[in-house]
Amino acid sequence: MEHPQFGQPRTLPPRVQNAISKMMAACADGMAHPVRQALASLREEMPLMIGNPMAARHEIIAFSHCKRLSIHCSEMLPALLECIEHELIAIRDRGHRPQQSELWASSESWTLADAGEHVAPPQAEGIGQVTNQCKLPLYLLGQRFGVLAGAPAFDADRIPVGPRCLIRAVEDASRRVFGDDFPHMLVTDAVARALFHDYPALVNRINKELEGASILPGLTFIPSLKRAATPIQPVYADAVAATAAAITTMVPQGAAAWFEQPEHDDRNRSAGTHSAPDFSVARTLLAKAKGQAPATSVAHVQLPAHIVSEMLDSLSAHDASGRPLGIRHLHDELKARAKSLHGGKAQFSQQQSDSIELLGMLYDAVCHDMRAQSGAAELLKRLQIPLLRMALAGEEFFEQPTHPGRQIMSRVAESGAIIADEADTDPQFDAALAHAVDRVEQEYRGDGTVLEHIHQELADAHQAHAQRSEAVERHQIEASRGQERIAIARDAAKVLLDEKLAGVTLRPQVELLIRTAWQDALTFIRLRHDDHSALWQRHERLTGRMLQVVTATDAIEDVDLRDSIFEILKRTGYHSEEANEVAETLSRSTSLPRSGARMSMTELVTLIRARPRFGGSSKTMQLAEEIPEPRSAREEECFRHLSTLPFGCWLDFVINQQGEVRRRRLSWYSRITGNALLVNRRGARIAEMQLDQLARLMATGQVRVARKHEMSLLDRAWTSTIGTLESLGKLFVRPAAVAS
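Residues numbered from 1 in each chain as written. Predicted model: local features only at pLDDT ≥ 70, side-chain atom pairs only at ≥ 80, totals over all residues. Heavy atoms only, no water.

### Section: the overall build of the protein
Counting its secondary structure elements, the protein contains 30 helices and 7 strands. When the 740 residues of the protein are sorted by exposure, 45% land in the buried category. Once local pairs closer than 6 in sequence are excluded, the contacts in the protein between residues at least 24 apart make up 74%. Looking at the protein as shown, the accessible area adds up to about 38,100 Å², and 53% of this sits on carbon and sulfur atoms. (Helix = DSSP H or I, 4+ residues; strand = E, 2+ residues; numbered from the N terminus. Buried < 20%, exposed > 50% of the residue type's maximum accessible area, 1.4 Å probe, protein only. Contact = heavy atoms within 4.5 Å. Areas by Shrake-Rupley, 256 points an atom, 1.4 Å probe, with all protein chains shown as cover.)

Okay, here's the thing in structure tokens:
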């Protein structure tokens, strides 16, 4: 047969050729198994379609077509790859125009569909589904193809490996391999279904290969409008204004939000929100807590800023025996040095003293919520002197949540928080934390620009940490969704058998084989085909025929039915001996003895009963099948609340009687199966639970939704510090009230 000849494309730059080579390698690896599997299944199904125009979708199937498919099916994959490669190497030969010009085309040229773009309804539905499923990866791929073509970004329909172009390439390859008189719709439909099943993995792999070829390597999210940057206070304005503005524009804001609590209907929001007090309020509370009298008139000499800086430079964070000192001890050391070097009247200003005392209380509150033996605790100890320098520089450290030093302290503390465990740590981010602390110790001497650069470097590492966690979580979600699809397929198979077996009386052994082995086969088919597919309808007919045979009063045997059951069970994963014995039993009436059977009926039933069910190995699904006790009113309320939470909510679990808490992310849950996926800060699967189980734990107070304002350890510590000051202040006010 003659193959269409392609035109000679223009020579591409070496960088584009290298990217196309990597894409072709990814396509060859990702398409090989689906294409071969689809053609193998079609090779088995086509003989059954002869004479059945409904099953063949009104295509005329002849024995010559079956023979041609068997002979040339191995040529399909190379032909498909050749079609895709031609589209790729001709990427700069198509006069791609910006999409805006197409929107304003004359109304005379408007049509409901482009000429030559007729797509069969099942394929059109598949294109729409897979396009929605891969919206973000296809968007990124379209951006990268725009770079390769030197043109505006491609939409999903114009990407050479996009769903629509892929179907067109499959049809062209089918015509090249099997000829024009072949029923190409069958090949196109079978191969497209197989490719679309694993299409998200293929698109992600192509994106990864292009990223490795330096084609938009930093493009990992859809650009969105960013919040307005918080104005920088005057103390940092002249040092970092230009740098901060440039960084705020360049740094993407979406990835690090993975660690934040998404917006949701928080029933306790009004009761739990607190506005952070400003520095003056904190100083007032501190004075009340100390029972401090009005300032005396004794003259003191306030130390100049450069003298304070020199004293901090000479200060050591360890005592003579090498033990680390706390901030209170460092404060006492500073006061002693000030008096010894500059006279007894030399001291810090009241604001500076209050800043150090508030920092000490904040530091202690942070350490209280950290794991004592974690590496982050050691890093935080090394930050004490730099933190003193930041607190003495002004009140911005306490009042500005975006203060770079405060952000560095927060990231260090979060990495060792007690609500996480060792499995939550990311070695790469831990290394970035250690590097940032080293730089702060060595380079920061009060210069805001240096601190901002270190903070930005750490923020980039934190964003990379979020992207890694999100990628790991995405794989876990896909696995959980696969389990959900299996559960749906099992339910569909069970419903079919319930309908077929209603009112039918069978021997217990035969019914058990149908409810186990044959139900596994139906689940396997339903998992890959919908209830309107020809293959599922064929299995419905096989089920009906099977029941007719096993319930027949006459001694009959259906050899074709036996062969079909045998092949189907083998594809489901049964061994040949098991499949043969089951097929022998289910293809003959009970009045006909099993001739030549290698095992007794009791042995066969025992063997099949002990075999794991297809898709039934998940402990969560096994728990879901157990009938729990009815939920109480409180448990039902918690269940409804959990069912409204957005994916990505963080939950706090109480793990022991001491009230220790571990924070986990509710990455995904199914309202169909009730299965919920929980991951840690690295995106790794921690547990699979039922929403019903979570609701019962929430009703007893063992699970709660983390509040948005409590997500940051530093914010919780600051709130705790203010609460402590308020409590101490009341102790001093109460005796005065009693005396009066």
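Moving on, there is more to tell.
### What to know about the pattern of salt bridges
Pairs may arise between side chains of opposite charge once their charged atoms sit close together. Scanning the model with the defined rule gives 39 salt bridges in all. Of the charged contacts, one joins R439 and E457 as a salt bridge, the two residues approaching to 2.7 Å between their closest N and O atoms. Pair noted here: R439 is in helix α20 (residues 427–443) and E457 is in helix α21 (residues 448–501), with a separation of 18 residues, a long-range link. R439 gets classed as buried once you look at its relative accessible area, which sits at 18%. In this structure, the salt-bridge partner of D558 is R545, at a minimum N-O distance of 2.8 Å. Here the residue D558 occupies a position in the loop between α23 (534–550) and α24 (559–572), and R545 occupies one in helix α23, the gap between them amounting to 13 residues. Linked through salt bridges whose partners overlap, the residues forming this network are E557, R562, D563, E584 and R588. (Salt bridge = Lys/Arg side-chain N within 4 Å of Asp/Glu carboxyl O.)

### With respect to the packing of aromatic side chains
By the definition in use, this model includes 8 aromatic pairs. A ring pair is formed by F178 and F182, whose centres lie 4.7 Å apart and whose planes are at 20°; its orientation type is stacked. Classification of F178 by relative accessible area gives buried; the value is 0%. Centre to centre, the rings of F398 and W718 are 5.7 Å apart; their planes meet at 35°, and the pair counts as tilted. Highlighted residues: F398 in helix α18 (residues 396–399) and W718 in helix α30 (residues 713–739), separated in sequence by 320 residues. The two residues F398 and W718 agree in class, both being buried. Of note, R611 hangs over the ring of Y574, and the distance from its end group to the ring centre comes to 4.0 Å. The ring of F639 carries the charged tip of R631 above its face, separated from the ring centre by 3.9 Å. (Phe/Tyr/Trp six-rings, centres within 6.5 Å; stacked < 30°, edge-to-face > 60°. Lys NZ or Arg CZ within 6 Å of the ring centre and 35° of its normal.)

### Thoughts on the packing of helix α12 (residues 279–290) against helix α15 (residues 350–368)
Viewed as axis vectors pointing N to C, α12 and α15 meet at an angle of 85°, and their least axial separation amounts to 10 Å. By the angle between their directions, the pair α12 and α15 is classed as roughly perpendicular. In this structure, α12 contributes F279, A282, R283, L286 and K290 to the contact, and α15 contributes Q350, Q351, D354, S355, E357, L358 and M361. (Axes fitted to C-alpha atoms, helices over the stretch in contact; angles between N-to-C directions. Parallel < 35°, antiparallel > 145°, perpendicular 65-115°, else oblique.)

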